[in-house]
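So you can see what is in the structure, the chains are spelled out below.
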There are 2 protein chains.
Amino acid sequence: MITRVILVGVEGAYNLGVVARTCVNFGVEELYLVNPKADLNEALNYSAKAREYLSRAVVVGDLKSALEGVDLSVSTSDEGFSRGDVLRQAITLERLPELVKSRRVNRLGIVFGRESSGLTREEIAQTDLLVTIPANPEYPALNLAQAVAVVLWEVWKMKGVAPTNVPPLAPRERLDKIVSVLSELTDLAVTPEDKRRRIKTVLRRVVYRSGMSELEARIVLYMLMRLKRRVWR
Amino acid sequence: MITRVILVGVEGAYNLGVVARTCVNFGVEELYLVNPKADLNEALNYSAKAREYLSRAVVVGDLKSALEGVDLSVSTSDEGFSRGDVLRQAITLERLPELVKSRRVNRLGIVFGRESSGLTREEIAQTDLLVTIPANPEYPALNLAQAVAVVLWEVWKMKGVAPTNVPPLAPRERLDKIVSVLSELTDLAVTPEDKRRRIKTVLRRVVYRSGMSELEARIVLYMLMRLKRRVWR
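Here the structure is a predicted model, which is why all the values come from computation and not from measurement. (Residues numbered from 1 in each chain as written. Chains lettered and ligands numbered in written order. Predicted model: local features only at pLDDT ≥ 70, side-chain atom pairs only at ≥ 80, totals over all residues. Heavy atoms only, no water.)

### Looking at the relation of the copies chain A and chain B
Working step 1: In screw terms, the move from chain A to chain B is a rotation of 180° and a rise of 0.0 Å along the axis, fitting with an RMSD of 0.1 Å. The superposition of one copy onto the other is thereby described by a two-fold rotation axis.
Working step 2: Of the interface residues in chain A, 100% have counterparts in chain B that sit at the interface too, so the contact is made through matching surfaces. (Least-squares fit on C-alpha atoms with pLDDT ≥ 70 in both. Contact = heavy atoms within 4.5 Å.)

Below, the structure is given as C-alpha cells:
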C-alpha cells in the first residue's frame, strides 16, 4: 500500500520540516502540499535527513488534485463530533488500520489541515472518512506535526515492517539450555522432590516469558554456568 | 496510573513547548525536566493551552531525582539494538502497554533524551527497560516531540478514557428500525422469496457493520421512510 500525506495550507515551516521527517520515519511514499503558506526553503532546514524527500514534495493548488489516484481518502480533525452536524461524525484513529486493511486499499490519502483553523467544511466533504485522535477530552487538539506522527504510527504499524532497531530474540535452544541448567541448580539446592518440581515449573515459565534477546540469554547462561561450577567445587 | 514524562537535557524551546502540550493532550500528570538547556520562558510561547501546565514542570538536577517514586522506569532510544551491547536490547513500543498493564504500575516514568545525542549510557542504565519505536529501518530517528507523541499515544490508549470528540453510536433500536424498513422495501421491490431472504441478510449485515452514529442512523432512516412513502404512493 502507498500512503500519501496531504497537508492543506500548512503555515509553519518548522511543522512542515518535521512532518517531512516523520513521513520518512514511517515510510510514507508521497507528500502533497495544497497551497502551502509556509516557506518551503526554510522548512528544509528543519527536515533533518528528510531534506531531499521534502524537496520532492508535490505542490498543488487544490485538494481535489491532491486526492487524484487515492482510493481511500481520510480527513483528520480534533473536532470529530458535533451534534447534528453530518460532517463531524468521525471514527476514532484506532479503527482506521483495520478499515484500511480489510478494504485492501492501494493508495491511502490522509489529509491534515491548517495549524490555525484545520480543514474547511468543503475540504472535509471531499473525503471518504473523518478520523479523530481520541485525546484528552479537556484538550484534544494536538499540534499538527504531533497529530501526523500519531496517525502515521498507526498506519505504519499496520504495514508490519520488520524492525531492525530491536534485538533478535534468543533461539529456543538457548532458552532450553538455561532451563536445563536452572534445573540442575535446583537439584543441588533443594531436596524434597515435590518442591523441586514446583520450583522447576516456575523457573521454566519465567524463562520462556522473559523475552530475552540473543545476547541477554547468552549472558544469563554464562552466569548460570559459572554458578554451577562454583557450587560443584 | 500516574504517568511521568522525564525530559533529560532538552535543548529546543519549541520542542519543550510542544512536548508540554502533547502531555496535556494525552493526560500525562507529571512533567519533569532534568537539567534543561532550553529556555523555559521561550518554551511557554509554544505550549498553546499547556502554558500553565509547563510552568508547573518540576526541574531537577539529575535523573535519579526525577525517577524517585516511579515504580516502572522506561528509557527511550531509536538505537534499540546494538550487537553485543547489553544496554541496547530494547523492546518495541507495541509491547509496552501490555507490560505496564499486567504489572499494575502505579507511576510510570518515561525518559526521553537530548535532541542531539539522546540519553547517555549511565542514564539508560538507571532505568528498568529500554523501549524503541520500530520505525523505518532506513531512518528510524524521530524528532523528540514526535517520539513523545507516539509513545504517549500508546500509553494513553491503554488507559481507555472515553473520548468525547467522537459521536455516540446509534442505539440498537434505531438500527433495527432501519433493517425493518429496508426489509419492507425489499418486499416491495423483489418477488421471489429466496431472493428476498438473501437480500435481507445482506442488508442487515451491512447496517449492523456500518458503525453509524446516532445522527447518521437518524438521517438514513429518514431517507428510507421518505422512499417508502414515495414507493407506496
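### Describing the interface of chain A and chain B
Working step 1: Contact residues are listed per partner, giving 59 residues for chain A and 59 residues for chain B.
Working step 2: Across the interface of chain A and chain B, roughly 4,800 Å² is buried in total on both sides, 61% from carbon and sulfur atoms.
Working step 3: When the buried surface of chain A facing chain B is broken down by residue, A:Y139, A:W153 and A:N165 rank first, second and third, together holding 16% of it.
Working step 4: Ionic pairing is found between A:E154 and B:K157, a salt bridge with its closest N-O pair at 2.6 Å.
Working step 5: Listing elements by their share of the side of chain A that touches chain B, those giving two or more residues are α1 (13-25), β5 (91-92), α7 (144-159) and α10 (214-232) of chain A.
Working step 6: Counted by class, the side of chain A that touches chain B contains 32 nonpolar, 16 polar and 11 charged residues. (Buried area = accessible area lost by both parts, 1.4 Å probe. Salt bridge = Lys/Arg side-chain N within 4 Å of Asp/Glu carboxyl O. Helix = DSSP H or I, 4+ residues; strand = E, 2+ residues; numbered from the N terminus. Nonpolar A, V, L, I, M, F, W, Y, C, P; charged D, E, K, R; others polar.)

### What to know about the pattern of salt bridges
All names here are of chain A.
Working step 1: Following the criterion strictly, the structure yields 28 salt bridges over all chains and no others.
Working step 2: Note that R172 is salt-bridged to D176, the shortest N-O span being 3.2 Å. Taken together, the residues R172 and D176, both in helix α8 (residues 172-189) and 4 residues apart, mark about one turn of the helix.
Working step 3: Connected through shared salt-bridge partners, D187, E193, R196, R197 and K200 make up one network.

### Considering helix α10 (residues 214-232) of chain B
All names here are of chain B.
Working step 1: For α10, with 19 residues, the first-to-last C-alpha span of 27 Å sits near the 27 Å given by 1.5 Å per residue.
Working step 2: Listed as buried for α10 are L215, A217, L221, L224 and K228.
Working step 3: Buried residues along α10 sit against α8 (172-189). (Expected span 1.5 Å × (residues − 1). Buried < 20%, exposed > 50% of the residue type's maximum accessible area, 1.4 Å probe, protein only.)

### Focus on a nonpolar patch on the surface
Residue and element names in this part refer to chain A.
Working step 1: Together, L188, Y222, M223, L227, V231 and W232 make up an exposed nonpolar region whose accessible area comes to about 610 Å².
Working step 2: Broken down by element, the nonpolar patch gets its largest block of residues, 5 residues, from α10.
Working step 3: Among the secondary structure elements, V231 is positioned in helix α10. (Patch = residues over 30% accessible without salt bridge, like charges linked within 9 Å, V, L, I, M, F, W, Y side chains within 5 Å. Areas by Shrake-Rupley, 256 points an atom, 1.4 Å probe, with all protein chains shown as cover.)

### Some remarks on the packing of aromatic side chains
Working step 1: For the coordinates displayed, the defined rule picks out 7 aromatic pairs over all chains.
Working step 2: What links up through ring pairs into an aromatic cluster is the set A:Y14, A:Y46, B:Y14 and B:Y46.
Working step 3: Sitting over the face of the ring of A:Y32, A:R4 holds its NZ or CZ atom 4.1 Å from the ring centroid. (Phe/Tyr/Trp six-rings, centres within 6.5 Å; stacked < 30°, edge-to-face > 60°. Lys NZ or Arg CZ within 6 Å of the ring centre and 35° of its normal.)

### Comments concerning the packing of α8(A) against helix α9 (residues 193-209) of chain A
Angle between the axes and distance between the axes are the two parameters that describe a pair of packed helices.
Residue and element names in this part refer to chain A.
Working step 1: Contact pair α8 / α9: the axes reach a minimum separation of 10 Å and the direction vectors enclose 155°. The orientation of α8 relative to α9 falls into the category roughly antiparallel. The two elements α8 and α9 cross, and the hand of that crossing is right-handed. Across from R172, L175, D176, I178, V179, L182, S183, T186 and D187 in α8, the residues of α9 making contact are R196, I199, K200, L203, R204, V207 and Y208.
Working step 2: Taken together, the residues that form the contact of α8 with α9 break down as 8 nonpolar, 2 polar and 6 charged. (Axes fitted to C-alpha atoms, helices over the stretch in contact; angles between N-to-C directions. Parallel < 35°, antiparallel > 145°, perpendicular 65-115°, else oblique. Left-handed = near helix turned anticlockwise from the far one by under 90°.)

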